[in-house]
Amino acid sequence: MEDNKLREQDFLVASISQLSISGSSSPPVVARFRSDSLLFGAESDSSDSVQFDLSNCQLFKLGPFQSLCISDASEINKEKSYSRGITIQFRNEEESRAFHCAFEQWKKEVVVQGSSLPNGTLSSSGSKFDDKIEASSAKMYFHYYGQLLHQQNMLQDYVRTGTYYAAVLENRVDFIDRVVVDVGAGSGILSLFAAQAGAKHVYAVEASEMADYARKLIAGNPLLSERITVIKGKVEDIELPEKADILISEPMGTLLVNERMLESYIIARDRFLVPNGKMFPTMGRIHMAPFSDEYLYIEIANKALFWQQQNYYGVNLTPLHGTAFQGYFSQPVVDAFDPRLLVAPAISHVIDFTSAKEEELYEIDIPLRFISSVGTRIHGLACWFDVLFNGSTVQRWLTTAPGAPTTHWYQLRCVLSQPIYVMPGQEITGRLHMVAHKAQSYTLYLTLSAKMWGPGAEQGGILQSSSGKLDLKEPYYRMSQPQAYPMSQDQPSQQLLQTQDLQIQSQDEEGSDLLQQTV
């Protein structure tokens, strides 16, 4: 994490005056943040500079353009050292804001690096993000989003970008003269939208190296850049000089919750948003419905046929077939599918970003109940999401539903290794249990069951049940467009492997464990 360290930072301030000497002010000086100290002095002459130790000084706002910096006396020898302070005069409010943000960042960096605190102990306070996310996952995550090609992929998702633009610009009343915080700003595009809508000031918070590109992009739009401050850091760690009237963010991952950025969005709400402030987006919904797709099932099952070879260069591979078979079914499928594959109306699980608690996202339990529209074999659960921008003027939805214009999120399907049969009108029940893990994703436990149908059903119990364990972190990206299905899927082609003849080899421990994750 060496690259994330703060190095040097300079600010030109209008003047400073030392409280202990006189009320006279200096000519304009440069405020320099260096390592663990803050120096005030002329650009060319450091001999007459005023120096503060960042570990024991404090900064207070006296007004829009004026602040007070105070340094404590040394704890080692208070008789021979004294507290001192200076007033700092800034040229404008924007430079005052930027200086205060930088001061908090540098001061926090000194504490994180283990500088001695006044009582001689070391700070044990760590980042909340670092406590719940493993370092290797975070490193890969921030590296990924620090690259322009991935930002371009998201910017060129015109459904996503266009919906955000419309939601912001159509609701100018929510942004005009308001303070905005952009959580996970990326390229800074949403901050620029907020500035276009008339925001008083936008704080663009971005933890990856993309923050440097965001500064460059924003600086290239001078009519807007004066009202945008880019802050490099995590929302869990950074400090802001003022509260936000509105938060804007794009925290959605696959299945809405993948990458666990929704938690950071909620933390930002709790830390920075004024009471009754607005959030764009305001709420999200995960939609789920059972589906039937023989072609997809055969495609996944056939991947494991390699392990059925009994003489592969003289080696019998079959002992690993069951594990390989279950391994392929542990991958959620990400692609765009034909909505005609759905066999029952969808149900929804709502997450209200304005009121949800961070801890509620650690484990999400969704009961499932559907009524089948057709008689078919159900191969699993299809999922997608949408989010609402609840503006004062216009309500806008961003949807990733099948049949709607495709987004870079596509849709997601959890495929069961053992399909279940249903009749028209038959009830399907089950559970989707989502457990967050430290690799910034979720383990999914899915169970679907079909109840007995026909006369005497009220006395009968569950007829069939199928379960699976999937890792949302490791999806199968099957980025094909919706396929044309020329034949009825309950009449599979003779050229295809007959799925009802597939032998599910799950006798080994690992494969068996996957099937036994039931409610």
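The structure displayed is predicted, hence computed values, not measured ones.

Asker: Help me understand a nonpolar patch on the surface, please; the structure alone is not making it clear to me.
Answerer: Where nonpolar side chains cluster on the molecular surface, the patch consists of Phe-306, Tyr-312, Tyr-313 and Val-315 and spans about 440 Å² of accessible area. One can find Tyr-313 in the loop between α10 (294-303) and α11 (321-329).

Asker: In this structure, what is going on with the pairing of strand β9 (residues 179-183)? I would like to understand it.
Answerer: Regular strands show a simple pattern: their side chains alternate between the two faces of the sheet. Counting buried residues along β9, five of its five residues qualify, which places the element largely inside the surrounding structure. Burial along β9 is two-sided: Val-179, Val-181 and Val-183 and Val-180 and Asp-182, pointing in opposite directions, are all buried. Bridge analysis of β9 against strand β10 (residues 201-206) gives five bridges, and the strand direction is parallel. Bridging across to β10, Val-180 finds its partner in Val-202. As for the winding sense of the linkage, the β-α-β connection from β9 through helix α6 (residues 189-196) to β10 is right-handed.

Asker: Help me out: how do you make sense of the environment of Val-50 in this one?
Answerer: By the element assignment, Val-50 lies in strand β5 (residues 50-53). Exposure remark for Val-50: the relative accessible area of 8% places this residue in the buried category. Between the C-alpha atoms of Val-50 and Gly-85, which are 35 residues apart in sequence, the distance is 10.0 Å. Each residue touching Val-50, except ones within four places of it in the same chain, is listed here: Ile-16, Gln-18, Leu-38, Leu-39, Phe-40, Arg-84 and Ile-86.

Asker: Is there a simple way to explain the packing of aromatic side chains in this structure?
Answerer: Aromatic ring pairs are reported here in terms of the distance separating the ring centres and the angle at which the planes meet. Summed over all chains, the structure comprises 19 aromatic pairs. Both rings, one in Tyr-141 and one in Phe-142, keep their centres 5.1 Å apart while their planes meet at 70°; by these two values the pair is edge-to-face. Each member of the pair, Tyr-141 together with Phe-142, is buried. When the ring of Tyr-297 is compared with that of Phe-329, the centres are 5.4 Å apart and the planes differ by 45°; the resulting orientation is tilted. Note that Tyr-297 is positioned in helix α10 and Phe-329 in helix α11, a separation of 32 residues in sequence. Given a relative accessible area of 2%, Tyr-297 falls into the buried group. What makes Phe-329 buried here is its relative accessible area of 5%. Put simply, the rings of Phe-33, Phe-40, Phe-52, Phe-90 and Phe-99 touch in pairs and so form one group of aromatic residues. Over the face of the ring belonging to Tyr-476 we find Lys-303, whose NZ or CZ atom lies 3.4 Å from the ring centre. Cation over ring: Arg-413 sits above Phe-291, and NZ or CZ is 5.1 Å from the ring centre.

Asker: Just checking my understanding: could you explain unusual backbone geometry for this structure?
Answerer: Negative phi is the rule for most residues except glycine; trans is the rule for most peptide bonds. A cis amide bond, omega 5°, links Phe-280 with the succeeding residue Pro-281. Among the secondary structure elements, Pro-281 is positioned in the loop between β13 (273-280) and β14 (283-291). With a phi angle near 55°, Tyr-313 is a residue other than glycine that sits in the positive phi range. When its relative accessible area of 76% is taken as the criterion, Tyr-313 is described as exposed. Positive phi is not limited to glycine here, since Tyr-410 has a value of about 55°. Residue position: Tyr-410 is located in the loop between β19 (395-399) and β20 (411-422). A relative accessible area of 16% means that Tyr-410 is categorised as buried.

Asker: Before we go on, may I ask you to explain the pattern of salt bridges in this structure?
Answerer: Side chains carrying opposite charge are able to pair once their charged atoms draw close together. Per the stated rule, a full pass over the model turns up 24 salt bridges. Across the pair Lys-132 and Glu-358 runs a salt bridge, and its minimum N-O distance is 2.7 Å. Of this pair, Lys-132 sits in helix α2 (residues 128-132) while Glu-358 sits in the loop between β16 (347-352) and β17 (363-371), placing them 226 residues apart in sequence. For the residue pair Lys-132 and Glu-358, the accessibility class agrees, reading buried in each case. Note that Asp-335 is salt-bridged to Arg-478, the shortest N-O span being 2.8 Å. In this pair, Asp-335 is assigned in strand β15 (residues 333-335) and Arg-478 in the loop between β24 (476-477) and α12 (509-515), connecting sequence segments 143 residues apart.

Asker: I keep staring at the sheet that holds strand β8 (residues 84-89) and nothing clicks. Help me out?
Answerer: Sheets are built from strands that pair by backbone hydrogen bonding, the pairs being arranged parallel or antiparallel. Across the sheet, which stays open at both edges, the four strands sit in the order β2-β8-β7-β6 with antiparallel pairing between neighbours. Unpaired on one side and paired on the other, β2 (15-18) and β6 (57-61) mark the two borders of the sheet. Adjacent strand axes in the sheet meet at a mean angle of 20°, parallel and antiparallel pairs treated alike.

Asker: Can you walk me through helix α4 (residues 148-155) in this structure?
Answerer: Each α-helix winds once per 3.6 residues, and so residues spaced three or four apart point in a common direction. Buried within α4 we find His-150, Gln-151 and Met-154. Buried residues of α4 fall within an arc of 100° about the axis and therefore sit on the same side. Contacts made by the buried residues of α4 are with α3 (135-145), α5 (158-169) and α7 (210-219).

Asker: Quick question: what am I supposed to make of the pairing of β13 here?
Answerer: Summarising the sheet, strand β12 (residues 244-249) and β13 pair through four bridges and their orientation is parallel. Residue pairing for β13: Ile-248 is matched across the bridge by Phe-280. A crossover connection joins β12 to the parallel β13 through helix α9 (residues 261-272); in handedness this β-α-β unit is right-handed.

Asker: Got a minute to help me understand the sheet that holds strand β23 (residues 462-471) in this structure?
Answerer: With antiparallel pairing, four strands are arranged side by side in an open sheet as β17-β21-β22-β23. Every other strand in the sheet has two partners, leaving β17 and β23 as the edge strands with one partner each. With strand direction ignored, the average angle separating the axes of adjacent strands in the sheet is 15°. Pairing between strand β22 (residues 441-451) and β23: nine bridges, direction antiparallel. Paired with Tyr-445 across the two strands is Lys-469, which belongs to β23.

Asker: Help me understand α3 in this model?
Answerer: When we look at burial in α3, the residues that qualify are Ser-137, Ala-138, Tyr-141, Phe-142 and Tyr-145. Taken end-on, α3 shows its buried residues confined to a sector of 120°, consistent with a single buried face. In α3, the exposed positions that point more than 90 degrees away from the buried face belong to Ala-135, Lys-139, Met-140 and His-143. Looking at the buried positions of α3, the neighbouring elements they touch are α2, α4, α7 and α9.

Rules used in this analysis
- Counting from 1, residues in each chain are numbered in the order their sequence is written.
- Only residues with pLDDT of at least 70 get local features here, since the model is predicted, and only at 80 or more are side-chain atom pairs given and counted; chain-wide, interface and lining totals rely on the full set of residues.
- Based on all heavy atoms of the structure, the side-chain values leave hydrogens and waters out of the count.
- Excluding any residue in a salt bridge, patches collect residues exceeding 30% relative accessible area, merging like charges within 9 Å and nonpolar Val, Leu, Ile, Met, Phe, Trp and Tyr side chains within 5 Å.
- We get accessible surface area from the Shrake-Rupley algorithm with a probe of 1.4 Å; when it comes to residues, only the shown protein chains can shield them.
- Any Lys or Arg side-chain nitrogen found within 4 Å of a carboxyl oxygen on Asp or Glu counts as a salt bridge.
- Secondary structure elements follow DSSP: runs of H or I of four or more residues count as helices, runs of E of two or more count as strands, with numbering from the N terminus.
- The classification of residues rests on relative accessible area computed with a 1.4 Å probe and restricted to protein chains. Under 20% of the type maximum is buried, over 50% is exposed, and intermediate values are partly exposed.
- DSSP bridges decide pairing: two strands pair if at least two such bridges lie between them.
- Handedness of a crossover is defined as follows: orient the strands so they point away from the viewer, and if the path from the first strand over the helix to the second runs clockwise, the crossover is right-handed.
- Every residue pair with non-hydrogen atoms within 4.5 Å of one another is taken to be in contact.
- Any Phe, Tyr or Trp ring, taking Trp's six-membered ring, that has another such ring centre within 6.5 Å forms a pair; planes under 30 degrees apart are called stacked, those over 60 apart edge-to-face, and the others tilted.
- Only lysine NZ and arginine CZ atoms are considered, and such an atom sits over a ring when it is within 6 Å of the ring centre and within 35 degrees of the ring normal.
- To get an axis, fit a line to the C-alpha atoms, keeping to the stretch in contact for a helix; angles then go from 0 to 180 degrees between the N-to-C directions.
- The directions considered for the arc are those from the helix axis to the C-beta atoms.

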